[in-house]
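Listed below are the residues making up each chain.
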Amino acid sequence: MNLKIDQERLISEIEALSKFSDAEAPAVTRIVFTPTDLKARDWMKSLCRDAGLAIRKDAIGNTFARWIGSDPLAPAVGTGSHIDAIPNAGKFDGVVGVLGGLEAIRALQRAGFRPRHSIELLVFTAEEPTRFGVGCLGSRLLSGTLSADAAAKLIDKDGQPVEEVRRKAGFSGDLREVKLPAGYYKAFVELHIEQGPVLERERQPLGIVEQIAAPASLYVTVEGSGGHAGGVLMRDRRDALCAAAELILALEHAARSTGAIDTVATVGICDVFPGAINSIPARVRLGIDVRDTSLARRDRVIADLEDACRKTTAQRQVSIRSELLNADAPAESGPEIVATLRQACEKHGLRFLPMTSRAYHDSLFMSRIAPMAMLFIPCRNGYSHRPDEYASPEDIARGTLVLAETLAMLSE
Ligand SMILES: [Zn+2]
């Protein structure tokens, strides 16, 4: 099979898609279900139709473009990513996996390949949490990680319910029908920019993702007792910020002492009330993110934090309450998909690095219903979610070539 990626066409399509934007170029802003997003989707669908793919969409707007195999009833091989973009983002995040996936299919068609299993390109709805506050809305529903009832309760930043927003955008039907039946996919592979510096630093053209780390996020609120910064003596204080400081350091210690490089914990929010220079902090709210590739290790860090909360409550006579916002389980890639990706790299004489994805992706949720793996390409300086995000045409074409080879092997 003579597989050739049309690099020029692929890059010009990435450029063309970046023009569907609510921000001044080179920045891209494309929030799900805005008129700009809907125009981009229509454009995307017309490209898929030109490639002879059969298109369907579900009630949340996930779009499926299928190259029907010679055994149409056999489970499909899936690939794809997202085209929504956070405010002031770049043109490659997600897009490389969608347009690269389409070009992989076209390259296979040009090479005269005929799949036995159908090959399906998926464009996920709302990978970014910008509008509804939850990331990977489409793939959460597809995989049954999020129930239709819970999804229907989501509201956007302007207070509009998801039900109303999606219907206005032209996506009708029952959210309960979004979940895919068991065995729908034989395999799922997502091509994506790394969004980190490792491949560039190690001078490797490709990364094969063997696991995806997942975050747990929580709010911890400490209630102490406020008062005049001059009037209340130190021995009489129940300072909420001093108590919170102990929790922050306890969390850092817990994450550092797991012995694993994959454990990370961050306090990214510290709201102090009343927030006056001459007032003792009465209440503090911490926003906490803990991630790991091992669920057991991550849970241990959270348990250590809870121990610290109990200790601090007793020692400082404050009250502490915590609220878990989400706790997705990390995922392991399917060994057979990883092996196929390795073989595809070797076949084309390309080096690769086994990797961990520290950001999460739709593939994290697809792993719940199908063996999954991801293929990473380098991006300059590891920059992502900013207008100067950049991946070279050569790297994009290489990733697309390996994706095409992998889809061929999986669909035979
Ligand atoms: Zn992405």
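These numbers come from a predicted model, not from an experiment.

## Comments concerning the overall build of the protein chain
Then, in step 1: Helix and strand counts for the protein chain come out as 12 helices and 17 strands.
Then, in step 2: Computed over its C-alpha atoms, the radius of gyration of the protein chain comes to 23 Å, within 12% of the 22 Å expected for a compact globule of 412 residues.
Then, in step 3: With the C-alpha coordinates of the protein chain rotated into their principal frame, the extents come out at 80 × 45 × 40 Å.
Then, in step 4: Relative to its 412 residues, the protein chain shows a buried fraction of 47%.

## Remarks on the packing of helix 3 (residues 95–110) against helix 12 (residues 393–411)
Then, in step 1: At a minimum axis distance of 8 Å, the contact between helix 3 and helix 12 shows a crossing angle of 55°. Taken together, the axis directions place helix 3 and helix 12 in an arrangement best described as oblique. At the point where helix 3 passes helix 12, the crossing takes the right-handed sense. Every residue of helix 12 that contacts helix 3 at Val 96, Gly 100, Gly 101, Glu 103, Ala 104, Ala 107 and Leu 108 is listed here: Ile 396, Gly 399, Thr 400, Leu 403, Ala 404, Leu 407 and Ala 408.
Then, in step 2: By residue class, the composition of the contact of helix 3 with helix 12 is 9 nonpolar, 4 polar and 1 charged.

## Structural notes on helix 9 (residues 295–316)
Then, in step 1: Look at helix 9: 31 Å from first C-alpha to last across 22 residues, which is about the 32 Å you get at 1.5 Å a residue.
Then, in step 2: Arg 298, Val 301, Leu 305, Ala 308, Cys 309 and Thr 312 are the residues of helix 9 that are buried. Considered in projection along helix 9, the buried side chains sweep an arc of 110° and stay on one side of the axis. Along helix 9, exposed side chains directed more than 90 degrees from the buried face belong to Ala 296, Ala 303, Asp 307, Arg 310 and Ala 314.

## Some points on the domain arrangement of the protein chain
Then, in step 1: Domain boundaries assigned for the protein chain yield domain 1 (7–213 + 330–411) and domain 2 (215–327).
Then, in step 2: Placing the centre of domain 1 and that of domain 2 at their C-alpha centroids yields a distance of 36 Å.
Then, in step 3: Opposite the 5 residues of domain 1 that make contact, domain 2 presents 7 residues.
Then, in step 4: Per-class residue counts for the side of domain 1 that touches domain 2 are 3 nonpolar, 2 polar and no charged.

## Overview of helix 2 (residues 35–50)
Then, in step 1: Taking 1.5 Å of rise per residue, 16 residues should cover 22 Å, and helix 2 covers 23 Å from first to last C-alpha, within 8% of that figure.
Then, in step 2: For helix 2, the full list of buried residues reads Asp 37, Ala 40, Arg 41, Met 44 and Cys 48. Angular distribution of buried residues about the axis of helix 2 spans 100°; they occupy a single face of the element. For helix 2, the exposed residues lying more than 90 degrees away from the buried face are Pro 35, Asp 42, Ser 46, Arg 49 and Asp 50.

## Comments concerning the nonpolar core
Then, in step 1: With 89 residues, the main nonpolar core has Val 96, Leu 341, Ala 373, Leu 375 and Leu 407 as its most contacted residues.
Then, in step 2: If we skip the residues at most four places from it in the chain, Val 96 touches Leu 191, His 192, Ile 193, Ile 377, Ala 391, Ile 396 and Gly 399.
Then, in step 3: Grouped together as the second largest cluster of nonpolar side chains are 23 residues, Leu 247, Ala 265, Val 284 and Val 318 included.

## A short note on the packing of helix 1 (residues 7–18) against helix 3
Then, in step 1: Across the interface, helix 1 lies against helix 3 with an axial gap of 10 Å and an inter-helix angle of 140°. Our classification of the angle between helix 1 and helix 3 gives oblique. Considering how the two elements wind past one another, helix 1 and helix 3 form a crossing that is right-handed. Two secondary-structure elements touch here, helix 1 through Leu 10, Glu 13, Ile 14 and Leu 17 and helix 3 through Val 95, Leu 99, Gly 100 and Glu 103.
Then, in step 2: In terms of residue class, the contact of helix 1 with helix 3 is built from 5 nonpolar, 1 polar and 2 charged.

## Some thoughts on the sheet that holds strand 11 (residues 264–273)
Then, in step 1: Read from one edge of the open sheet, 4 strands run 11-13-9-14, paired in antiparallel fashion. Here the strands that pair on one side only, and so sit at the sheet edges, are strand 11 and strand 14 (319–327). Ignoring which end each strand starts from, the neighbouring axes of this sheet average 15° apart.
Then, in step 2: The strands that helix 8 (residues 240–256) touches are strand 9 (214–223), strand 11 and strand 13 (283–292); relative to strand 11, the one it contacts most, it runs at about 175°.
Then, in step 3: Against the sheet, helix 9 makes contact with strand 9, strand 11, strand 13 and strand 14, and its axis sits at roughly 160° relative to strand 13, the strand it touches most.

## Some points on unusual backbone geometry
Then, in step 1: With an omega of 5°, the peptide bond running from Ala 25 to Pro 26 counts as cis.
Then, in step 2: Of note, Pro 26 is situated in the loop between helix 1 and strand 1 (28–30).
Then, in step 3: In this model, Phe 273 is joined to Pro 274 through a cis peptide bond whose omega is 5°.
Then, in step 4: Looking at the secondary structure, you find Pro 274 in the loop between strand 11 and strand 12 (279–280).
Then, in step 5: Phi at Asn 88 is positive, roughly 60°, even though this residue is not glycine.
Then, in step 6: In this fold, Asn 88 is placed in strand 5 (residues 85–89).

## Some words on the environment of Arg 351
Then, in step 1: On the secondary structure map, Arg 351 appears in the loop between helix 10 (335–347) and strand 16 (353–357).
Then, in step 2: Separated by 145 residues in sequence, Arg 351 and Leu 206 have C-alpha atoms that sit 6.8 Å apart.
Then, in step 3: Look past the residues within four positions of Arg 351 in its chain and what remains in contact with it is Gln 204 and Pro 205.

So, how was this worked out
- Residue numbers here run from 1 along each chain, matching the order of that chain's written sequence.
- Where local features are concerned, this predicted model is filtered to residues with pLDDT of at least 70; where side-chain atom pairs are given and counted, the filter is 80 or more; whole-chain, interface and lining totals use all residues.
- Helical segments are the DSSP runs of H or I of at least four residues, strand segments are the runs of E of at least two, and each set is numbered from the N terminus.
- Each radius of gyration is computed over the set of C-alpha atoms, and the globule rule expresses the reference value as 2.2 Å times the number of residues to the power 0.38.
- Here the C-beta atoms are placed from the backbone, and a residue counts as buried if at least 20 other C-beta atoms lie within 10 Å of its own, exposed if 12 or fewer do, and partly exposed otherwise.
- Axis definition: a line fitted to C-alpha atoms, limited for helices to the stretch in contact. Angles are taken between N-to-C directions and run from 0 to 180 degrees.
- Oblique is the label for any angle not under 35 degrees, not over 145, and not in the 65 to 115 range, which are roughly parallel, roughly antiparallel and roughly perpendicular in turn.
- Here a crossing is taken to be left-handed if its near helix is turned anticlockwise relative to the far helix by less than a right angle, and right-handed if that turn runs clockwise.
- Note on contacts: residues are paired as contacts if their backbone-placed C-beta atoms lie within 7 Å.
- Side-chain classes follow a simple rule in which Ala, Val, Leu, Ile, Met, Phe, Trp, Tyr, Cys and Pro form the nonpolar group, Asp, Glu, Lys and Arg form the charged group, and the remainder, Gly included, forms the polar group.
- How far a helix is expected to stretch is found by multiplying one less than its residue total by 1.5 Å.
- By construction, the arc corresponds to the directions joining the helix axis to the C-beta atoms.
- Note that the domain bounds reflect an automated or database-derived domain assignment.
- Structurally, a nonpolar core is described as a collection of buried Ala, Val, Leu, Ile, Met, Phe, Trp, Tyr and Cys residues joined by way of C-beta atoms within 7 Å.
- Strand pairing is defined by DSSP finding a minimum of two bridges between the two strands.

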